[in-house]
Amino acid sequence: MAAPDPAATGSAVAGPTAPDPAATGLFGLVAYGELLAFDRLAADARLAPDLGRRAALSEMAAAEIAHYRWLTDRLAGWGVTPEEAMAPYVEALRAYHDSTEPRDWAEAVTKAYVGDAITDDFLRGIAGGLAGPERALLLDVLHDSRYAEFAAAEIRAAIEADPRAAGRLSMWARRLLGEALSQAGRVAAADRGALGALIGRTGGDVPGLLRRLTEAHTARMTAVGLNN
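Residues numbered from 1 in each chain as written. Predicted model: local features only at pLDDT ≥ 70, side-chain atom pairs only at ≥ 80, totals over all residues. Heavy atoms only, no water.

## A word on the overall build of the protein
At step 1: Helices and strands together make up the secondary structure of the protein, namely 11 helices and 0 strands.
At step 2: Going from N to C terminus, the protein has its helices and strands arranged as α-α-α-α-α-α-α-α-α-α-α.
At step 3: For 228 residues, the compact-globule estimate of 2.2 N^0.38 gives 17 Å, and the C-alpha radius of gyration of the protein, at 17 Å, lies within 12% of that figure.
At step 4: By principal-axis analysis of the C-alpha atoms, the protein measures approximately 55 × 35 × 30 Å.
At step 5: Here the protein, with 228 residues, has 48% of them falling under the buried criterion.
At step 6: As displayed, the protein offers around 10,400 Å² of accessible surface, 57% of which is attributable to carbon and sulfur atoms.
At step 7: With 23 positive and 30 negative side-chain charges, the protein shows a separation of 4 Å between the mean positions of the two kinds. (Helix = DSSP H or I, 4+ residues; strand = E, 2+ residues; numbered from the N terminus. Rg over C-alpha atoms; globule rule 2.2 N^0.38 Å. Buried < 20%, exposed > 50% of the residue type's maximum accessible area, 1.4 Å probe, protein only. Areas by Shrake-Rupley, 256 points an atom, 1.4 Å probe, with all protein chains shown as cover. Lys, Arg positive; Asp, Glu negative; His and termini not counted. Charge placed at Lys NZ, Arg CZ, Asp CG, Glu CD.)

## Considering the packing of helix α2 (residues 21–44) against helix α3 (residues 51–77)
At step 1: Contact geometry of α2 with α3 gives a least axis separation of 8 Å together with a crossing angle of 155°. Viewed along their axes, α2 and α3 adopt a mutual orientation that is roughly antiparallel. Crossing geometry of α2 relative to α3 is assigned as left-handed. Along the contact surface, α2 presents Thr24, Phe27, Gly28, Val30, Ala31, Glu34, Leu35, Ala37, Phe38, Leu41, Ala42 and Asp44, while α3 presents Leu57, Met60, Ala61, Glu64, Ile65, His67, Tyr68, Leu71, Thr72, Arg74 and Leu75. (Axes fitted to C-alpha atoms, helices over the stretch in contact; angles between N-to-C directions. Parallel < 35°, antiparallel > 145°, perpendicular 65-115°, else oblique. Left-handed = near helix turned anticlockwise from the far one by under 90°. Contact = heavy atoms within 4.5 Å.)

## A word on the nonpolar core
At step 1: Counting 70 residues, the largest nonpolar core has Leu26, Phe122 and Leu138 as its most contacted members.
At step 2: Per element, the largest residue contribution to this core is 11 residues, and it comes from helix α6 (residues 105–127).
At step 3: In this structure, Leu26 is in contact with Phe122, Ile126, Leu130, Leu138, Leu195 and Leu198, ignoring residues within four places of it in sequence. (Core = buried A, V, L, I, M, F, W, Y, C linked by side-chain atoms within 4.5 Å.)

## Here's the deal with helix α5 (residues 90–99)
At step 1: Looking only at α5, the buried set comprises Ala92, Leu93, Tyr96, His97 and Ser99.
At step 2: Contacts from the buried residues of α5 go to α2, α6 and α9 (165–190).

## What to know about the packing of aromatic side chains
At step 1: Summed over the entire model, instances satisfying the criterion amount to 2 aromatic pairs.
At step 2: Aromatic pair Trp105 and Phe150: ring centres 6.4 Å apart, planes at 70°, arrangement edge-to-face. Placement of the pair is Trp105 in helix α6 and Phe150 in helix α8 (residues 145–161), with a sequence separation of 45 residues. Here the two residues Trp105 and Phe150 agree in accessibility, since each one is buried. (Phe/Tyr/Trp six-rings, centres within 6.5 Å; stacked < 30°, edge-to-face > 60°.)

## Side note on α8
At step 1: Relative to the 24 Å expected for 17 residues at 1.5 Å per residue, α8 spans 24 Å between its end C-alpha atoms, a close match to the ideal helical length.
At step 2: Among all positions of α8, only Tyr147, Phe150, Ala151, Ala152, Glu154, Ile155, Ala158 and Ile159 are buried.
At step 3: Residues of α8 that are buried in the fold lie against α3, α6 and α9.
At step 4: For α8, the N-terminal capping position is held by Asp144, with its side-chain oxygen 3.0 Å away from the main-chain nitrogen of Arg146. (Expected span 1.5 Å × (residues − 1). Polar contact = N/O pair within 3.5 Å; in protein donor to acceptor, adjacent residues only side chain to side chain.)

## Looking at the environment of Arg53
At step 1: With respect to the helices, strands and loops of the structure, Arg53 is situated in helix α3.
At step 2: Remark: the alpha-carbon pair of Arg53 and Trp105, spanning 52 residues in sequence, is separated by 9.6 Å.
At step 3: For Arg53, the contacting residues outside a window of four places in its chain are Ala48, Trp105, Phe150 and Glu154.

## Some points on the packing of α2 against α5
Relative placement of two packed helices is described by the angle separating their axes and the distance separating the axes.
At step 1: As a packed pair, α2 and α5 sit with axes 10 Å apart at the nearest point and diverge in direction by 30°. When the axis of α2 is compared with that of α5, the two are roughly parallel. Of the two elements, α2 crosses α5, and the hand of that crossing is right-handed. Residues Leu29, Tyr32, Gly33, Leu36 and Arg40 of α2 pack against Val90, Leu93, Arg94 and His97 of α5.
At step 2: Residues belonging to the contact of α2 with α5 are distributed by class as follows: 5 nonpolar, 2 polar and 2 charged. (Nonpolar A, V, L, I, M, F, W, Y, C, P; charged D, E, K, R; others polar.)

As structure tokens, this is what we get:
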């Protein structure tokens with residue numbers, strides 16, 4: 001995805017000087033998530049069976065660090081130290097990745113497929129609670145669909161090569177979802193209600209958003225031949 005247009009999203013120079021506190025917390029959360037995703041994908045690329053696949057996952061990692069920079073530039077433009085904005089979420093997000101380290105290539109691409117999609121669904125669900133420029137930037141960090149298509153194709157190929165892999169990867173995907181939802185509770189506690197307030201602005205609530213995330217996950221699993 002190309003860098004966001006400053007005229008459309010409000011660059012660090014042209015952006016507002018008095019940020020919405022809820023937006024500050026959300027940008028800190030997403031920025032740290034992008035930083036961890038970069039670390040994860042760069043490491044998981046080493047599990048690739050060939051250079052082409054390694055390059056594909058490395059490109060995904062590069063996109064994550066670009067998104068991280070967009071978000072931290074906006075925080076800095078508001079006069080907010082990015083490290084301070086990210087700090088409340090370090091423990092919960094790191095716990096998710098520490099507890100879901102893939103053992104092989106198939107698990108790595110399944111984690112990319114599941115984790116990125118959950119993140120994107122979450123951002124779409126909460127973006128409506130932000131003002132225009134902040135909403136535009138948040139939507140700009142959604143993952144490029146070609147990466148999801150790549151991961152989905154790799155999952156299908158793994159199942160075609162060994163039909164028994166479907167059961168193992170289905171269990172892995174369920175674990176990924178469970179860990180993500182578990183850590184979501186810790187994130188909500190860490191931000192002292194800011195995310196809940198943003199979701200409330202959209203007319204929804206946290207349980208409703210988590211339910212929609214689960215439903216979307218179920219549909220994605222079916223699409224690649226995995227069971228829920």
